[in-house]
Amino acid sequence: MRYCINCGAAVPDNASFCLNCGTPMKANKITISDAMNSGQMPTTGKKTSKGAIIAACVSSGVVAIILIVLLVAIFSSGSGHRKKKNKKETASTQTTETASVEMPAEMKFTAESYEIEVNQETDMSKYLTCKGMDPQNVVWSANSENVVVGSNGRVVINDYNVNSVLTATDKDDPSVTANCAMATRSSQDDLVYRVQGLNGAHQEDETSDKGVISVASTAADEYNIDISPQSRKPGKRSKKYKWDRTLFYSLEDVSQESNKDGKINSYQIEKKQFKNAANGNQMEYEIYHNPKNDVINKIVSIEHLDKNLEITEYYFTDKGKINFVFTHRDVNYVPDYAQISKKGERYHFHKDTMVNWRIVDGNGERNYCYGAAEKKVLSGHAGIKEYSKCSAKRKEQYDKKEIQILNEAYNTFEKVTSSEGVSSIRGYVNNDKGDAMDNAVVRLQSTESQTQVFQGNTDEDGYYEIYVPARKMSYEISFDKENYMPETLYHVDSDTDQIGIYQETICMAEQDENEYPCYLYFYDALNRDIDGYGMEKLENVDVKIRKGVNNIDGEIVYQIERVDHSCTVNLTPGMYTIEMKRNQYMITYSSVFISPYDENNIDIYATPKLSKDELRIVLTWGDTPQDLDSHLFAPANSEGNYHICYYKMSNADGSAALDVDDVNGYGPETTSIYKLKRGQYKFYVADFTNCSRHQQESYEMSNSNATVRVYGKTGLIQTFFVPTNRKGVIWEVFEIRDGNVIPTQRYYDAIGNKTWWSSAK
């Protein structure tokens, strides 16, 4: 017999709780002597009298009999006309009974070891089971300085080859603890895992033979962006608040003659791309870092709609507070600032409150400001109205806009700064007759480690696209298909400022050991021939030929010196890289395809050497369309001449010029910057042939093999290939900021009201 430690009543050995008071018996098992010594049974000195024991037993027996009778009555009534308990009563009873049972606290990880990605947040709390305790009571820690552990169990390891122990501890009882091992891969293995994750693999956890859990890749989730959650509340409004215009007017080049503005032109640009989680649209981001302190002061969001771009420009203070937002739509994107003539909506913020909402549209300008202070500084603007004097509907719109824009700004900032970003390597593969090559094997390999990081196949259009992290890396791509000669594309480089890396089209020839003649002709890309027709012929040219595409430093398969303008070489079918070298000229590289079905006449253009602060842009293409035009937008001067093209061949000060214009196919079109100026340059290619015919959805320029090469003092800086197999007539190629060439690679099949491509205005 046992006795309750709470009331002293006798309890049967098989009972789990006291029938008298309900106290659990599991943790309260006591003997008669225990009960006597604890004072829960009557005692008289050192020895209990026989009568006292009998009395106690009689008393306990009476209580027990009464309880048994009551229990019988209760249970028997349940089989008769007893009213059923409702769900709430049952739940309450169960909760009370459960709560009354004290279970020892326990924690355990689902495995002993975990392998996670570098610089990616991993929620380790989902691998921890807690019993008899509140999971919110867990304290997390790790024994490595390379591990950042949040209070909620989210872990980030910021280096490769890190081994650490993760510890979870009960805050109320430090003796209750659980440990697991965490490790990151080597830099190369992590790259392989991440590239595979970006391309659809590793969507679920994988367990090795040794029981190590490889945590599912977060890459696919990282590629999505959702800026709609409204987790932030605006600050407390005040009629004394007004917009601080200092940031905007120091960043943007508002006054062409002032040296106190236009600082944005010296900022470092980082580019990232994501997918809109709501609609699947492509989202591009340009992140502007202050080169002095690496602070982000501006983020431009570019969402690709059907025929337009939704452009949102966010301005942040050095403390990361939202200051100004400008949203508008356009058919293409030219970095600029919110001039009052540009249609769109502007949102001015101070201390996380919107102090003015400006709308500029076909009806003119309207300003809805919150208080008198902001109204005063708006003097000179049109349509000013204070919030207090607006209609109830307008106030509601103002309030909703404030919450929406505030959260979109901070959600954008958090996402683009915490996620690495994604780039893509894309291109097409054709056979030797120019038809799409489907199901060709595409292998991406790291140049540094010679490790394969991805394998896939071309689709029915011969298209391939490989997502990679937006980081500085160099790759090679090999292409294979049965009965065809394999090809390799060398020096495929990615960086943080590139989000879409288009490659030139790969042509694969059928297995053929025969050699075919190839006729090479060498020309000056800058100077016309003395007869005025065509470009000047170059002599005394040294030629080296390597197998593969963009192979600038591999094995030489053919070499000849002092070529007299042209030469003939015999090569087996396939792709080769021609290196052309001549005194006083830049080394030029050109990829060519030797076909058994074509004449293989190949023109190669070289540019004279350049000095410091000089750049040269050379555009070449095929025979169709006949007229592609180069357009360089240069920083404006006092005369406002900043657009260099066929109808405005140079700017007023001669610092930039279109040296060569071509209207009969092939090119070259050569544009030179003779003196790099402070500010921003943009370079476009327009398909004049189809623009003038209003055939904006033409595929001709896209399939023309158009190539843009940019040269500087040190030689070839970058080469750009037109996006293939896409409809469109405007190719936005690159921009120049602070002397740095930054790829943009956008392609448009709409002109809208843009007329800059034509002199007929």
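Given the structure is predicted, the values throughout are model-derived calculations rather than measurements. (Residues numbered from 1 in each chain as written. Predicted model: local features only at pLDDT ≥ 70, side-chain atom pairs only at ≥ 80, totals over all residues. Heavy atoms only, no water.)

## Some remarks on the overall build of the protein
Next, step 1: Of the regular secondary structure elements, the protein holds nine helices and 49 strands.
Next, step 2: Taking the contacts inside the protein whose residues are at least 6 apart along the sequence as the reference set, 58% of them involve residues at least 24 apart.
Next, step 3: Carbon and sulfur atoms make up 47% of the accessible area of the protein, which totals about 37800 Å². (Helix = DSSP H or I, 4+ residues; strand = E, 2+ residues; numbered from the N terminus. Contact = heavy atoms within 4.5 Å. Areas by Shrake-Rupley, 256 points an atom, 1.4 Å probe, with all protein chains shown as cover.)

## Considerations on the state of the cysteines
Next, step 1: Taken as a whole and judged by the stated rule, the model has zero disulfides.
Next, step 2: Cys369 supplies the cysteine sulfur nearest to Cys390, a cysteine that is in no disulfide, at a spacing of 8.1 Å. (Disulfide = S-S within 2.5 Å.)

## Description of the pattern of salt bridges
Next, step 1: Per the stated rule, a full pass over the model turns up 40 salt bridges.
Next, step 2: A salt bridge links Glu286 to Lys271, with the shortest nitrogen-to-oxygen separation between them at 3.5 Å. With Glu286 in strand E16 (residues 282-289) and Lys271 in strand E15 (residues 268-276), this residue pair connects regions lying 15 residues apart in the sequence. With respect to burial, Glu286 and Lys271 carry one shared label: buried.
Next, step 3: Several salt bridges share partner residues, and in doing so they unite Lys271, Glu284, Glu286, Lys682, Glu732, Glu735, Arg737 and Arg746 into one network. (Salt bridge = Lys/Arg side-chain N within 4 Å of Asp/Glu carboxyl O. Buried < 20%, exposed > 50% of the residue type's maximum accessible area, 1.4 Å probe, protein only.)

## A short note on the side chain of Ser704
Next, step 1: The residue Ser704 is located in the loop between helix H9 (688-691) and strand E46 (707-712) in this model.
Next, step 2: Ser704 gets classed as buried once you look at its relative accessible area, which sits at 2%.
Next, step 3: Apart from residues lying up to four places away in sequence, Ser704 is in contact with Trp621, Gly622, Thr624, Pro625 and Leu628.

## Some remarks on the sheet that holds strand E34 (residues 539-547)
Next, step 1: Taken in spatial order, the four strands make up an open sheet running E35-E34-E37-E38, and their pairing is antiparallel. Bordering the open sheet on either side are strand E35 (556-564) and strand E38 (588-594), each of which pairs with just one other strand. Neighbour-to-neighbour, the strand axes of this sheet turn through a mean angle of 25°, independent of strand direction.
Next, step 2: Note: strand E37 (residues 574-581) against E38, seven bridges, orientation antiparallel. Across the sheet, residue Thr577 finds its bridge partner in E38, namely Ser591. (Pairing = 2+ DSSP bridges. Axes fitted to C-alpha atoms, helices over the stretch in contact; angles between N-to-C directions.)

## Details of the side chain of Lys272
Next, step 1: Positionally, Lys272 belongs in strand E15.
Next, step 2: Given a relative accessible area of 3%, Lys272 falls into the buried group.

## Remarks on the nonpolar core
Next, step 1: Core analysis: the biggest nonpolar cluster contains 31 residues, and Phe248, Tyr288, Phe324, Tyr333, Ile730 and Trp756 have the highest contact counts within it.
Next, step 2: Every element with two or more residues in this core is listed here: helix H6 (246-251), strand E17 (296-304), strand E18 (309-316), strand E19 (322-330), strand E45 (680-687) and strand E49 (740-748).
Next, step 3: Grouped together as the second largest cluster of nonpolar side chains are 29 residues, Leu444, Phe454, Ile466 and Phe479 included. (Core = buried A, V, L, I, M, F, W, Y, C linked by side-chain atoms within 4.5 Å.)

## Quick look at unusual backbone geometry
Next, step 1: Looking along the chain, the bond that leaves Thr624 and enters Pro625 is cis, with omega of -5°.
Next, step 2: Topologically, Pro625 is positioned in the loop between strand E40 (615-620) and strand E41 (628-633).
Next, step 3: Between Gly667 and the following residue, Pro668, the backbone shows a cis peptide bond with an omega angle of 5°.
Next, step 4: Mapping Pro668 onto the fold places it in the loop between strand E43 (656-660) and strand E44 (669-673).

## Observations concerning the packing of aromatic side chains
Next, step 1: Tallied over the full model, the rule gives 30 aromatic pairs.
Next, step 2: Seen from their ring centres, Phe248 and Tyr249 are 5.2 Å apart, and the 80° between their planes marks the pair as edge-to-face.
Next, step 3: Ring geometry for Phe720 versus Phe734: centroids 5.5 Å apart, planes at 15°, classification stacked. Of this pair, Phe720 sits in strand E47 (residues 715-721) while Phe734 is found in strand E48 (residues 730-737), placing the two residues 14 residues apart along the sequence. For the pair shown, Phe720 and Phe734 are each scored as buried.
Next, step 4: Counting every residue linked through ring pairs, the aromatic cluster contains Trp243, Phe248, Tyr249, Tyr315, Phe324 and Tyr337.
Next, step 5: One cation-aromatic arrangement involves Arg237 over Tyr387; the distance from NZ or CZ to the ring centre is 5.0 Å. (Phe/Tyr/Trp six-rings, centres within 6.5 Å; stacked < 30°, edge-to-face > 60°. Lys NZ or Arg CZ within 6 Å of the ring centre and 35° of its normal.)

## Some words on helix H4 (residues 187-198)
Next, step 1: Given a rise of 1.5 Å per residue, 12 residues ought to cover 16 Å, and the 16 Å separating the end C-alpha atoms of H4 matches this to within 8%.
Next, step 2: Across the 12 residues that make up H4, a large majority, nine, are buried.
Next, step 3: Positive backbone phi, approximately 105°, marks Gly200, located one or two places after H4. (Expected span 1.5 Å × (residues − 1).)

## Notes on the sheet that holds E44
Next, step 1: With antiparallel pairing, five strands are arranged side by side in an open sheet as E43-E44-E40-E46-E47. What marks the edges here is a single partner per strand, and that holds for E43 and E47. Ignoring which end each strand starts from, the neighbouring axes of this sheet average 20° apart.
Next, step 2: Bridging between E40 and E46 involves five bridges; their strand directions are antiparallel. Paired with Thr620 across the bridge in E46 is Thr707.

## Overview of the pairing of E16
Next, step 1: Taken across its eight residues, E16 has seven buried, putting it largely inside the fold.
Next, step 2: The turn joining E15 and E16, which pair antiparallel and follow one another in sequence, is formed by five residues; a positive phi near 80° is taken by Gly280.
Next, step 3: As judged from the seven bridges shared by E16 and E17, these two strands associate in the antiparallel manner. Each residue of the ladder has a partner; that of His289, found in E17, is Ile296.

## Quick look at the environment of Cys130
Next, step 1: Relative to the elements of secondary structure, Cys130 occurs in strand E6 (residues 128-131).
Next, step 2: Considered as a pair, Cys130 and Asp170 are 40 residues apart in the sequence and their alpha carbons are 9.6 Å apart.
Next, step 3: Non-local contacts of Cys130, meaning those with residues more than four positions away in its chain, are made with Glu106, Met107, Pro135 and Val138.

## Let's talk about the confidence of the model for the protein
Detailed reading of predicted coordinates is not advised where the pLDDT is low.
Next, step 1: For the protein, per-residue confidence averages 86 on the pLDDT scale, and 85% of positions sit at 70 or higher.
Next, step 2: Across residues 26-100 the pLDDT falls below 50, and counting only partners more than four positions away or on other chains, this stretch makes 41 contacts in the model. (pLDDT = per-residue confidence, 0-100.)

## Quick look at the environment of Gly574
Next, step 1: Take Gly574: it is sitting in strand E37.
Next, step 2: With 22 residues separating them along the chain, Gly574 and Pro596 place their C-alpha atoms 9.3 Å apart.
Next, step 3: Excluding its chain neighbours within four sequence positions, the residues that come into contact with Gly574 are Glu487, Ala509, Lys547, Val592, Phe593 and Ile594.

## Some details on the environment of Cys369
Next, step 1: With respect to the helices, strands and loops of the structure, Cys369 is situated in strand E22 (residues 364-369).
Next, step 2: For the pair Cys369 and Met354, spaced 15 residues apart in sequence, the C-alpha separation works out to 8.2 Å.
Next, step 3: Residues contacting Cys369, with those up to four places away along its chain left out, are Val355, Asn356, Glu374, Lys375, Leu378, Ile384, Lys385, Glu386, Tyr387 and Tyr398.

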